[in-house]
Amino acid sequence: MNSLSVSVADSGIDDKALAALAPETDEALNKVLNGSGEGADFLGWVNLPSETIESDLAERIETVAARLRAECDTVVCIGIGGSYLGAKAVIEALKPTFAQTTPEILFAGQNIGEDYLAELSDYLRNRRFGIIVISKSGTTTEPAIAFRLLKAQLETQAGKQQAARLIVAVTDAKRGALRSLATDEGYDTFVIDDNVGGRFSVLSPVGLLPIAVAGFNIRAMLGGAADMQAACARPGSPAWVYAATRNLLYRSGKKIEILVNYCPKLHFFGEWWKQLYGESEGKDHKGIFPAAVDNTTDLHSMGQWIQDGERTIFETVISVESPDRTLVIPSDPDNLDGLNFIAGKRIDKVNKMAELGTRLAHIDGGVPNLTVTIDSLNEYTLGSLIYFFEMACGISGYLLGVNPFNQPGVEAYKRNMFALLAKPGYEAETAALRARLG
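Residues numbered from 1 in each chain as written. Predicted model: local features only at pLDDT ≥ 70, side-chain atom pairs only at ≥ 80, totals over all residues. Heavy atoms only, no water.

Re the packing of aromatic side chains
Definition in use: Here the aromatic set is Phe, Tyr and Trp, taking the six-membered ring for Trp, and pairing holds for ring centres within 6.5 Å; pairs whose planes are under 30 degrees apart are stacked, those over 60 apart are edge-to-face, and all others are tilted. Helix numbers and strand numbers start at the N terminus; a helix is a DSSP run of H or I with at least 4 residues, a strand a run of E with at least 2. Only protein chains enter the area calculation, which uses a 1.4 Å probe; residues under 20% of their type maximum are buried, those over 50% are exposed, and those in between are partly exposed.
One pass over the full model with this rule turns up 15 aromatic pairs. Note on Trp45 and Phe405: the rings are 6.2 Å apart at their centroids and 45° apart in plane angle, and the pair reads as tilted. With Trp45 in the loop between α1 (15-34) and α2 (48-54) and Phe405 in the loop between α15 (379-400) and α16 (411-420), this pair connects stretches of sequence that are 360 residues apart. Accessibility classification places Trp45 together with Phe405 in one group, the buried group.

See below:
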(Lines give C-alpha, C1' and ligand atoms only; values in the text may rest on other atoms or scores of the structure.)
Protein backbone atom coordinates (compact mmCIF):
# COMPACT_ATOMS: atom_id res chain seq x y z
CA MET A 1 0.00 0.00 0.00
CA ASN A 2 1.45 3.34 -1.02
CA SER A 3 2.14 5.86 1.71
CA LEU A 4 2.30 9.06 -0.33
CA SER A 5 -0.41 11.70 -0.31
CA VAL A 6 -0.85 15.13 -1.90
CA SER A 7 -2.77 18.07 -0.47
CA VAL A 8 -3.60 21.17 -2.52
CA ALA A 9 -5.95 22.68 0.07
CA ASP A 10 -3.59 25.64 0.61
CA SER A 11 -2.87 26.22 -3.08
CA GLY A 12 -5.77 28.52 -3.82
CA ILE A 13 -6.94 26.02 -6.45
CA ASP A 14 -10.36 24.61 -5.63
CA ASP A 15 -12.22 21.51 -6.78
CA LYS A 16 -14.18 23.53 -9.33
CA ALA A 17 -10.97 24.69 -11.06
CA LEU A 18 -9.56 21.15 -11.04
CA ALA A 19 -12.81 19.81 -12.51
CA ALA A 20 -12.71 22.42 -15.28
CA LEU A 21 -9.17 21.31 -16.21
CA ALA A 22 -9.99 17.61 -15.87
CA PRO A 23 -10.58 16.95 -19.61
CA GLU A 24 -7.16 18.43 -20.46
CA THR A 25 -5.49 16.58 -17.60
CA ASP A 26 -7.11 13.29 -18.59
CA GLU A 27 -5.89 13.79 -22.15
CA ALA A 28 -2.37 14.51 -20.91
CA LEU A 29 -2.43 11.38 -18.74
CA ASN A 30 -3.60 9.30 -21.69
CA LYS A 31 -0.74 10.64 -23.81
CA VAL A 32 1.70 9.35 -21.20
CA LEU A 33 0.00 5.99 -20.76
CA ASN A 34 -0.79 5.33 -24.42
CA GLY A 35 2.17 6.98 -26.12
CA SER A 36 -0.01 9.27 -28.21
CA GLY A 37 1.84 12.54 -27.58
CA GLU A 38 5.12 14.11 -28.67
CA GLY A 39 8.16 12.27 -27.37
CA ALA A 40 6.36 8.92 -27.19
CA ASP A 41 9.63 7.20 -28.13
CA PHE A 42 10.91 8.06 -24.62
CA LEU A 43 8.16 6.53 -22.48
CA GLY A 44 10.08 3.41 -21.44
CA TRP A 45 10.14 4.68 -17.84
CA VAL A 46 6.34 4.44 -17.49
CA ASN A 47 6.24 0.66 -16.91
CA LEU A 48 9.84 0.29 -15.81
CA PRO A 49 9.18 -0.54 -12.12
CA SER A 50 6.74 -3.39 -12.77
CA GLU A 51 8.74 -4.73 -15.73
CA THR A 52 11.97 -4.75 -13.74
CA ILE A 53 10.34 -6.60 -10.85
CA GLU A 54 9.10 -9.26 -13.26
CA SER A 55 12.51 -9.73 -14.93
CA ASP A 56 15.87 -10.99 -13.69
CA LEU A 57 17.45 -7.53 -13.94
CA ALA A 58 17.35 -6.79 -10.20
CA GLU A 59 19.16 -10.07 -9.49
CA ARG A 60 21.83 -9.26 -12.09
CA ILE A 61 22.35 -5.82 -10.58
CA GLU A 62 22.62 -7.30 -7.08
CA THR A 63 25.19 -9.87 -8.25
CA VAL A 64 27.48 -7.26 -9.81
CA ALA A 65 26.95 -4.92 -6.87
CA ALA A 66 27.96 -7.68 -4.44
CA ARG A 67 31.27 -8.15 -6.29
CA LEU A 68 32.07 -4.44 -6.20
CA ARG A 69 31.10 -4.31 -2.52
CA ALA A 70 33.43 -7.22 -1.76
CA GLU A 71 36.43 -6.01 -3.75
CA CYS A 72 36.33 -2.22 -3.37
CA ASP A 73 36.47 0.24 -0.51
CA THR A 74 35.48 3.06 -2.89
CA VAL A 75 33.37 3.07 -6.06
CA VAL A 76 33.33 6.10 -8.34
CA CYS A 77 30.09 6.62 -10.26
CA ILE A 78 30.85 8.57 -13.45
CA GLY A 79 27.98 10.38 -15.12
CA ILE A 80 26.25 13.73 -15.51
CA GLY A 81 22.68 14.96 -15.18
CA GLY A 82 20.27 12.08 -14.84
CA SER A 83 23.19 9.68 -14.98
CA TYR A 84 24.21 10.66 -11.46
CA LEU A 85 21.61 12.90 -9.78
CA GLY A 86 19.07 10.16 -9.07
CA ALA A 87 21.58 7.82 -7.46
CA LYS A 88 23.11 10.71 -5.52
CA ALA A 89 19.68 11.80 -4.29
CA VAL A 90 18.73 8.33 -3.03
CA ILE A 91 22.09 7.50 -1.45
CA GLU A 92 22.28 10.84 0.38
CA ALA A 93 18.70 10.41 1.60
CA LEU A 94 19.33 6.92 3.00
CA LYS A 95 22.88 6.94 4.32
CA PRO A 96 23.84 8.20 7.80
CA THR A 97 24.58 11.92 7.54
CA PHE A 98 28.01 11.77 9.16
CA ALA A 99 29.21 8.42 7.83
CA GLN A 100 29.99 6.90 4.46
CA THR A 101 28.42 3.86 2.93
CA THR A 102 30.52 0.70 2.62
CA PRO A 103 31.95 0.91 0.04
CA GLU A 104 32.10 4.68 -0.18
CA ILE A 105 30.32 6.03 -3.27
CA LEU A 106 31.93 9.03 -4.95
CA PHE A 107 30.85 10.87 -8.09
CA ALA A 108 32.79 12.21 -11.07
CA GLY A 109 32.00 13.36 -14.57
CA GLN A 110 29.38 15.83 -13.39
CA ASN A 111 31.74 18.79 -13.85
CA ILE A 112 35.01 19.76 -15.56
CA GLY A 113 36.67 21.08 -12.41
CA GLU A 114 40.41 20.54 -12.62
CA ASP A 115 40.89 20.80 -8.86
CA TYR A 116 37.98 18.41 -8.30
CA LEU A 117 39.42 15.73 -10.57
CA ALA A 118 42.99 16.19 -9.35
CA GLU A 119 41.89 15.94 -5.70
CA LEU A 120 39.76 12.88 -6.51
CA SER A 121 42.75 11.24 -8.18
CA ASP A 122 44.88 11.97 -5.10
CA TYR A 123 42.20 10.54 -2.83
CA LEU A 124 41.96 7.31 -4.82
CA ARG A 125 45.69 6.66 -4.70
CA ASN A 126 46.38 3.47 -2.73
CA ARG A 127 42.64 2.79 -2.42
CA ARG A 128 40.85 -0.26 -3.77
CA PHE A 129 38.46 1.49 -6.09
CA GLY A 130 36.09 0.51 -8.84
CA ILE A 131 34.23 2.47 -11.48
CA ILE A 132 30.63 2.58 -12.68
CA VAL A 133 30.64 4.60 -15.90
CA ILE A 134 27.26 5.71 -17.21
CA SER A 135 26.87 7.13 -20.72
CA LYS A 136 24.78 6.14 -23.72
CA SER A 137 27.40 7.36 -26.17
CA GLY A 138 30.62 7.33 -24.18
CA THR A 139 31.53 10.68 -25.75
CA THR A 140 29.72 13.17 -23.50
CA THR A 141 32.53 15.54 -22.59
CA GLU A 142 32.37 15.70 -18.80
CA PRO A 143 32.07 11.96 -18.03
CA ALA A 144 34.37 11.01 -20.91
CA ILE A 145 37.19 13.14 -19.46
CA ALA A 146 36.68 11.69 -15.97
CA PHE A 147 36.58 8.12 -17.28
CA ARG A 148 39.71 8.56 -19.38
CA LEU A 149 41.60 9.79 -16.30
CA LEU A 150 40.25 7.29 -13.78
CA LYS A 151 40.43 4.29 -16.10
CA ALA A 152 44.14 4.95 -16.63
CA GLN A 153 44.67 5.35 -12.89
CA LEU A 154 42.81 2.15 -12.05
CA GLU A 155 44.76 0.15 -14.65
CA THR A 156 48.02 1.50 -13.19
CA GLN A 157 47.04 0.73 -9.59
CA ALA A 158 45.28 -2.63 -10.04
CA GLY A 159 46.59 -3.92 -13.34
CA LYS A 160 44.68 -4.02 -16.61
CA GLN A 161 43.05 -7.40 -16.01
CA GLN A 162 41.77 -6.56 -12.52
CA ALA A 163 40.69 -3.09 -13.68
CA ALA A 164 38.45 -4.71 -16.30
CA ARG A 165 36.82 -6.67 -13.49
CA LEU A 166 36.25 -3.51 -11.45
CA ILE A 167 34.78 -1.36 -14.24
CA VAL A 168 31.08 -1.66 -15.02
CA ALA A 169 29.57 0.21 -17.97
CA VAL A 170 25.94 1.29 -18.18
CA THR A 171 25.48 2.21 -21.81
CA ASP A 172 23.69 1.64 -25.10
CA ALA A 173 22.80 -1.92 -26.06
CA LYS A 174 24.65 -1.95 -29.40
CA ARG A 175 26.35 1.28 -30.40
CA GLY A 176 28.59 4.03 -29.13
CA ALA A 177 32.18 4.43 -27.98
CA LEU A 178 31.53 3.07 -24.48
CA ARG A 179 29.73 -0.01 -25.81
CA SER A 180 32.68 -0.75 -28.12
CA LEU A 181 35.21 -0.29 -25.33
CA ALA A 182 33.21 -2.43 -22.91
CA THR A 183 33.03 -5.24 -25.46
CA ASP A 184 36.75 -5.02 -26.24
CA GLU A 185 37.81 -4.90 -22.58
CA GLY A 186 35.26 -7.40 -21.24
CA TYR A 187 33.52 -5.07 -18.79
CA ASP A 188 30.27 -6.13 -17.18
CA THR A 189 27.54 -4.02 -18.78
CA PHE A 190 23.99 -2.93 -18.24
CA VAL A 191 21.81 -1.32 -20.87
CA ILE A 192 20.31 2.15 -20.93
CA ASP A 193 17.25 1.53 -23.08
CA ASP A 194 16.80 3.95 -25.97
CA ASN A 195 13.29 4.77 -24.75
CA VAL A 196 14.40 5.93 -21.28
CA GLY A 197 15.82 9.45 -21.09
CA GLY A 198 18.52 10.26 -18.57
CA ARG A 199 16.38 12.30 -16.19
CA PHE A 200 13.84 9.45 -16.03
CA SER A 201 16.46 6.74 -15.57
CA VAL A 202 16.95 6.46 -11.79
CA LEU A 203 14.73 3.34 -11.65
CA SER A 204 16.88 1.67 -14.33
CA PRO A 205 20.43 0.30 -13.90
CA VAL A 206 21.62 3.92 -14.15
CA GLY A 207 20.41 4.54 -10.61
CA LEU A 208 19.80 1.06 -9.26
CA LEU A 209 23.38 -0.19 -9.65
CA PRO A 210 25.09 2.58 -7.59
CA ILE A 211 22.28 2.40 -5.03
CA ALA A 212 22.75 -1.36 -4.70
CA VAL A 213 26.53 -0.97 -4.41
CA ALA A 214 25.91 1.48 -1.56
CA GLY A 215 24.08 -1.33 0.23
CA PHE A 216 20.44 -0.28 -0.14
CA ASN A 217 17.46 -2.44 -1.01
CA ILE A 218 16.61 -1.84 -4.66
CA ARG A 219 13.74 -4.35 -4.57
CA ALA A 220 11.98 -2.30 -1.90
CA MET A 221 12.58 0.81 -3.96
CA LEU A 222 11.13 -0.82 -7.07
CA GLY A 223 8.19 -2.03 -4.98
CA GLY A 224 7.34 1.52 -3.92
CA ALA A 225 7.67 2.71 -7.50
CA ALA A 226 5.51 -0.14 -8.83
CA ASP A 227 2.77 0.61 -6.31
CA MET A 228 2.84 4.26 -7.34
CA GLN A 229 2.83 3.21 -11.00
CA ALA A 230 -0.45 1.37 -10.39
CA ALA A 231 -1.90 4.28 -8.40
CA CYS A 232 -1.03 6.86 -11.07
CA ALA A 233 -2.60 5.01 -14.01
CA ARG A 234 -5.97 6.72 -13.46
CA PRO A 235 -7.49 10.20 -13.36
CA GLY A 236 -7.54 11.83 -9.94
CA SER A 237 -4.31 10.18 -8.77
CA PRO A 238 -1.78 12.14 -6.68
CA ALA A 239 0.33 12.78 -9.81
CA TRP A 240 -2.76 13.92 -11.75
CA VAL A 241 -3.75 16.36 -8.97
CA TYR A 242 -0.23 17.76 -8.58
CA ALA A 243 0.25 18.25 -12.34
CA ALA A 244 -3.13 19.92 -12.77
CA THR A 245 -2.70 22.21 -9.77
CA ARG A 246 0.76 23.46 -10.74
CA ASN A 247 -0.44 24.19 -14.29
CA LEU A 248 -3.44 26.12 -13.01
CA LEU A 249 -1.08 28.14 -10.82
CA TYR A 250 1.20 28.75 -13.80
CA ARG A 251 -1.72 29.99 -15.88
CA SER A 252 -2.61 32.39 -13.07
CA GLY A 253 0.86 33.96 -13.17
CA LYS A 254 2.86 31.77 -10.79
CA LYS A 255 6.02 31.19 -12.79
CA ILE A 256 8.39 29.78 -10.13
CA GLU A 257 7.94 26.59 -8.09
CA ILE A 258 10.04 26.14 -4.97
CA LEU A 259 10.46 22.57 -3.74
CA VAL A 260 10.78 22.76 0.04
CA ASN A 261 12.03 20.14 2.47
CA TYR A 262 12.45 20.18 6.24
CA CYS A 263 14.67 17.09 6.18
CA PRO A 264 18.35 17.78 5.39
CA LYS A 265 18.71 14.34 3.84
CA LEU A 266 16.52 15.49 0.94
CA HIS A 267 18.86 18.21 -0.35
CA PHE A 268 20.01 16.22 -3.38
CA PHE A 269 16.47 15.04 -4.03
CA GLY A 270 15.74 18.69 -4.76
CA GLU A 271 18.66 18.75 -7.19
CA TRP A 272 17.28 15.68 -9.01
CA TRP A 273 13.80 17.24 -9.10
CA LYS A 274 15.14 20.49 -10.57
CA GLN A 275 16.65 18.66 -13.53
CA LEU A 276 13.55 16.54 -14.05
CA TYR A 277 11.22 19.52 -14.31
CA GLY A 278 13.61 22.11 -15.74
CA GLU A 279 14.77 19.94 -18.62
CA SER A 280 11.29 18.56 -19.29
CA GLU A 281 9.28 21.79 -19.27
CA GLY A 282 11.63 24.65 -20.16
CA LYS A 283 10.86 24.86 -23.89
CA ASP A 284 9.31 27.18 -26.44
CA HIS A 285 9.77 30.06 -23.96
CA LYS A 286 7.41 28.31 -21.56
CA GLY A 287 7.80 26.50 -18.28
CA ILE A 288 7.68 26.84 -14.51
CA PHE A 289 11.14 27.64 -13.17
CA PRO A 290 12.12 24.94 -10.62
CA ALA A 291 13.98 26.04 -7.48
CA ALA A 292 14.60 24.26 -4.19
CA VAL A 293 15.30 25.24 -0.59
CA ASP A 294 16.31 23.36 2.55
CA ASN A 295 14.34 24.61 5.56
CA THR A 296 14.66 25.77 8.19
CA THR A 297 18.20 26.59 7.01
CA ASP A 298 17.11 28.66 4.02
CA LEU A 299 14.51 30.57 6.01
CA HIS A 300 17.52 32.54 7.24
CA SER A 301 18.69 33.31 3.69
CA MET A 302 15.73 33.02 1.28
CA GLY A 303 12.92 33.43 3.81
CA GLN A 304 12.57 37.19 3.38
CA TRP A 305 12.28 36.95 -0.40
CA ILE A 306 9.77 34.10 -0.24
CA GLN A 307 7.66 35.93 2.36
CA ASP A 308 7.68 39.41 0.82
CA GLY A 309 9.17 39.20 -2.68
CA GLU A 310 7.43 39.22 -6.05
CA ARG A 311 4.27 37.11 -5.96
CA THR A 312 5.14 34.91 -8.92
CA ILE A 313 5.99 31.86 -6.78
CA PHE A 314 4.36 28.84 -5.25
CA GLU A 315 5.77 26.15 -2.97
CA THR A 316 5.60 22.38 -2.93
CA VAL A 317 6.57 21.02 0.48
CA ILE A 318 7.84 17.46 0.87
CA SER A 319 6.85 16.50 4.41
CA VAL A 320 8.29 13.41 6.13
CA GLU A 321 5.97 12.33 8.93
CA SER A 322 8.34 10.24 11.03
CA PRO A 323 12.15 10.50 11.31
CA ASP A 324 14.18 7.37 12.04
CA ARG A 325 15.68 8.64 15.28
CA THR A 326 14.31 10.10 18.53
CA LEU A 327 16.01 13.00 20.28
CA VAL A 328 14.47 15.00 23.13
CA ILE A 329 15.41 18.55 24.12
CA PRO A 330 16.75 18.56 27.71
CA SER A 331 15.82 20.99 30.47
CA ASP A 332 18.43 23.44 31.75
CA PRO A 333 18.12 24.87 35.30
CA ASP A 334 19.59 28.23 34.24
CA ASN A 335 17.49 28.48 31.05
CA LEU A 336 19.81 31.19 29.69
CA ASP A 337 18.74 30.39 26.12
CA GLY A 338 15.05 30.55 27.06
CA LEU A 339 14.33 27.12 25.63
CA ASN A 340 12.81 25.43 28.69
CA PHE A 341 9.37 26.00 27.19
CA ILE A 342 10.18 23.24 24.71
CA ALA A 343 12.16 21.02 27.10
CA GLY A 344 10.94 17.44 26.94
CA LYS A 345 9.74 17.82 23.35
CA ARG A 346 11.24 15.88 20.44
CA ILE A 347 13.37 17.80 17.95
CA ASP A 348 10.96 16.65 15.24
CA LYS A 349 8.03 18.27 17.07
CA VAL A 350 9.81 21.62 16.91
CA ASN A 351 10.67 21.01 13.25
CA LYS A 352 7.06 20.17 12.42
CA MET A 353 5.83 23.35 14.10
CA ALA A 354 8.42 25.32 12.11
CA GLU A 355 7.08 23.63 8.97
CA LEU A 356 3.46 24.42 9.82
CA GLY A 357 4.22 27.95 11.01
CA THR A 358 6.18 28.73 7.86
CA ARG A 359 3.49 27.35 5.60
CA LEU A 360 0.83 29.47 7.33
CA ALA A 361 3.02 32.59 7.11
CA HIS A 362 3.71 32.05 3.42
CA ILE A 363 0.05 31.40 2.65
CA ASP A 364 -0.85 34.62 4.46
CA GLY A 365 1.87 36.31 2.40
CA GLY A 366 0.28 35.21 -0.87
CA VAL A 367 2.35 32.12 -1.63
CA PRO A 368 0.22 29.11 -2.66
CA ASN A 369 1.32 25.87 -1.01
CA LEU A 370 1.07 22.22 -2.04
CA THR A 371 2.12 19.41 0.29
CA VAL A 372 3.47 15.99 -0.65
CA THR A 373 3.60 13.75 2.42
CA ILE A 374 5.46 10.48 2.89
CA ASP A 375 5.35 8.55 6.16
CA SER A 376 9.13 8.01 6.50
CA LEU A 377 12.35 8.05 4.53
CA ASN A 378 13.27 4.60 3.21
CA GLU A 379 13.77 2.73 -0.05
CA TYR A 380 10.06 2.08 -0.53
CA THR A 381 8.94 5.67 0.01
CA LEU A 382 11.75 7.08 -2.13
CA GLY A 383 10.80 4.76 -5.00
CA SER A 384 7.22 5.93 -4.62
CA LEU A 385 8.24 9.60 -4.51
CA ILE A 386 10.47 9.30 -7.57
CA TYR A 387 7.79 7.67 -9.69
CA PHE A 388 5.17 10.16 -8.48
CA PHE A 389 7.25 13.11 -9.66
CA GLU A 390 8.14 11.38 -12.95
CA MET A 391 4.51 10.68 -13.84
CA ALA A 392 3.41 14.14 -12.75
CA CYS A 393 6.16 15.62 -14.91
CA GLY A 394 4.93 13.84 -18.02
CA ILE A 395 1.34 14.92 -17.42
CA SER A 396 2.38 18.47 -16.57
CA GLY A 397 4.54 18.86 -19.67
CA TYR A 398 1.69 17.87 -21.95
CA LEU A 399 -0.65 20.26 -20.10
CA LEU A 400 1.92 22.98 -20.68
CA GLY A 401 1.92 22.20 -24.41
CA VAL A 402 5.53 21.06 -24.80
CA ASN A 403 7.28 17.78 -25.51
CA PRO A 404 8.36 16.73 -21.99
CA PHE A 405 10.90 14.19 -23.24
CA ASN A 406 13.34 16.10 -25.44
CA GLN A 407 15.98 18.69 -24.56
CA PRO A 408 16.95 20.63 -27.70
CA GLY A 409 18.33 23.60 -25.76
CA VAL A 410 21.00 21.52 -24.03
CA GLU A 411 22.96 21.21 -27.26
CA ALA A 412 23.61 24.96 -27.69
CA TYR A 413 26.43 25.20 -25.13
CA LYS A 414 28.02 22.02 -26.47
CA ARG A 415 28.25 23.41 -30.00
CA ASN A 416 29.93 26.57 -28.72
CA MET A 417 32.31 24.64 -26.45
CA PHE A 418 33.38 22.28 -29.23
CA ALA A 419 33.90 25.21 -31.60
CA LEU A 420 35.99 27.08 -29.05
CA LEU A 421 38.10 23.94 -28.50
CA ALA A 422 38.53 23.55 -32.29
CA LYS A 423 37.02 20.06 -32.35
CA PRO A 424 37.31 18.44 -35.80
CA GLY A 425 34.09 18.96 -37.74
CA TYR A 426 33.37 22.34 -36.15
CA GLU A 427 35.68 24.44 -38.34
CA ALA A 428 32.94 26.81 -39.55
CA GLU A 429 31.60 27.37 -36.05
CA THR A 430 35.15 27.91 -34.76
CA ALA A 431 35.79 30.59 -37.35
CA ALA A 432 32.48 32.30 -36.64
CA LEU A 433 33.05 32.41 -32.90
CA ARG A 434 36.61 33.67 -33.27
CA ALA A 435 35.37 36.47 -35.49
CA ARG A 436 32.60 37.27 -33.01
CA LEU A 437 35.00 37.36 -30.05
CA GLY A 438 37.64 39.33 -31.89
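Following the structure, the description resumes.
A word on the pattern of salt bridges
Selection criterion: Salt-bridge detection follows one rule: a side-chain nitrogen of Lys or Arg within 4 Å of a carboxyl oxygen of Asp or Glu.
Taken as a whole and judged by the stated rule, the model has 21 salt bridges. With its nearest N and O atoms 3.9 Å apart, the salt bridge here joins Arg128 to Asp73. Taken together, the residues Arg128 in the loop between α5 (114-124) and β4 (129-134) and Asp73 in the loop between α3 (57-71) and β2 (74-78) connect sequence positions 55 residues apart. Owing to a relative accessible area of 45%, Arg128 belongs among the partly exposed residues under this scheme. Relative accessible area serves as the criterion here: at 26%, Asp73 is assigned to the partly exposed category. Where salt bridges share partners, they join Asp73, Glu104, Arg127 and Arg128 into one cluster.

What to know about the layout of surface pockets
This is how the line gets drawn: Site definitions follow a grid-based scheme: protein atoms alone, a 1 Å grid, a 1.4 Å probe that fits but cannot get out for cavities, and for pockets an open set with protein on both sides within 12 Å along at least five of seven lines, plus lining residues having an atom within 4 Å of a point. Grid points are joined across faces, edges and corners, and a volume is the space filled by probe spheres set on the points.
The space that makes up the largest pocket amounts to roughly 1,100 Å³. Elements with a contribution of two residues or more to the lining of the largest pocket: α6 (141-158), α12 (267-281) and α16. Looking at the lining of the largest pocket, the element that brings in the most residues is α16, giving five residues. Size it by volume and the second largest pocket reaches roughly 920 Å³. Surrounding the second largest pocket, 28 residues form its lining, Cys263, Pro264, Lys265, Pro323 and Arg325 being those nearest its centre.

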